[in-house]
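Structure assessment
Below are the chains, spelled out letter by letter.
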Amino acid sequence: DSTNLKAWYKFDGNGNDSSGNGNHLTYISGTVSYISGKINNAISVRTDTRLKIPTPSNIISTGQTQLSFSFWVKNLLYSNGVQTITRYRSNNVIIRYNYSNSKTLFCIIEGGEVGFYFANDITEWTHCCFTCENDVRKFFLNGVEQTSLTLNGGGTLDDGFTHDTTANSWEFFNNPGYAGYAKCDLDDFRIYDKALSATEVSTLYNIHQTEYSVTFD
């Protein structure tokens, strides 16, 4: 359902939210450029760059138990060290690459970590999707499920903390005090407040072969 799409960053020359919810990214610091992407344009960062979602409570609400991230990434290199693509608070949501020199792209969603080891640098456009439904976390690579983790009582995504403070900000490309800046190319980054099904993930992976806009029943 398109109503579950909370933020959609096409990066077609800006950080505007195309979901209709107004969660436009705002600039904090660094330098961004826009290049030819997997679907139209993409954002490219090669310096220490910070962007943020001004109002995280528009995306995560009280009692929420489902969440999904879908995006295309390229030029995510081991030589650049630990890199955080996005994070909300210190550990409620983190998508990070190469922590502890592992060449693993992983996502922590409320204490549950799921990831995938890449033997080589990500130098071609690669589709990644992380999903969370209650205690189940999954990772899909290029439309196919690769790993799954079931927790023992993972809790909700919103534990009653105060949203929209400096400590609870939602940033892209940086996680202050925890991991280095991401230096990569990113395209078609989507955030859903539902756990996407395998069919829906496959649809997103194949979207560039048909048309750009997609909704789910």
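1. As for the pattern of salt bridges
Oppositely charged side chains are able to pair whenever their charged atoms sit close together. If you walk through the whole model with that rule in mind, you get six salt bridges. Two residues, K183 and D48, come together in a salt bridge whose shortest N-O distance is 3.0 Å. One end of the pair, K183, is in the loop between β14 (170–172) and β15 (185–192); the other, D48, is in the loop between β4 (41–44) and β5 (50–53), with 135 residues separating them in the sequence. You can call D48 partly exposed: its relative accessible area is 40%.

2. Here we look at the side chain of E200
Within the secondary structure, E200 is located in helix α1 (residues 198–205). For E200, a relative accessible area of 9% puts it in the buried group. Of note is the side chain of E200, whose polar atom sits 2.9 Å from the side chain of K194.

3. Quick notes on the sheet that holds β5
Reading across from one edge, β2-β5-β14-β7-β8-β9-β10 is the order of the seven strands in this open sheet, with antiparallel pairing throughout. If you trace the sheet from one side to the other, it starts and ends with β2 (26–29) and β10 (112–117), each paired once. Averaged over all adjacent pairs, the angle separating strand axes in this sheet is 20°, with direction ignored. Where strand β7 (residues 83–88) meets strand β8 (residues 93–97), five bridges bridge the pair, whose relative direction is antiparallel. Bridge pairing links T84 to R96 in β8.

4. Structural notes on the packing of aromatic side chains
Applying the stated criterion across every chain yields a total of twelve aromatic pairs. Seen in terms of ring centroids, F69 and W170 are 6.2 Å apart; in terms of plane orientation they differ by 55°. Their pairing is tilted. Note that F69 is positioned in strand β6 (residues 66–74) and W170 in strand β14, a separation of 101 residues in sequence. No difference in accessibility class separates F69 from W170, as the two residues are buried. Between the aromatic rings of F130 and F139, the centroid separation amounts to 4.7 Å while the plane-to-plane angle is 40°, which identifies the pairing as tilted. With respect to class, F130 is no different from F139; both count as buried.

5. What about the confidence of the model for the protein?
Of all residues in the protein, 87% have pLDDT values of 70 or greater, and the mean over the chain is 87. For the protein, per-element mean pLDDT is lowest for β10, which scores 86, and highest for β4, which scores 98.

What counts and what doesn't
- Residues numbered from 1 in each chain as written.
- Predicted model: local features only at pLDDT ≥ 70, side-chain atom pairs only at ≥ 80, totals over all residues.
- Heavy atoms only, no water.
- Salt bridge = Lys/Arg side-chain N within 4 Å of Asp/Glu carboxyl O.
- Helix = DSSP H or I, 4+ residues; strand = E, 2+ residues; numbered from the N terminus.
- Buried < 20%, exposed > 50% of the residue type's maximum accessible area, 1.4 Å probe, protein only.
- Polar contact = N/O pair within 3.5 Å; in protein donor to acceptor, adjacent residues only side chain to side chain.
- Pairing = 2+ DSSP bridges.
- Axes fitted to C-alpha atoms, helices over the stretch in contact; angles between N-to-C directions.
- Phe/Tyr/Trp six-rings, centres within 6.5 Å; stacked < 30°, edge-to-face > 60°.
- pLDDT = per-residue confidence, 0-100.

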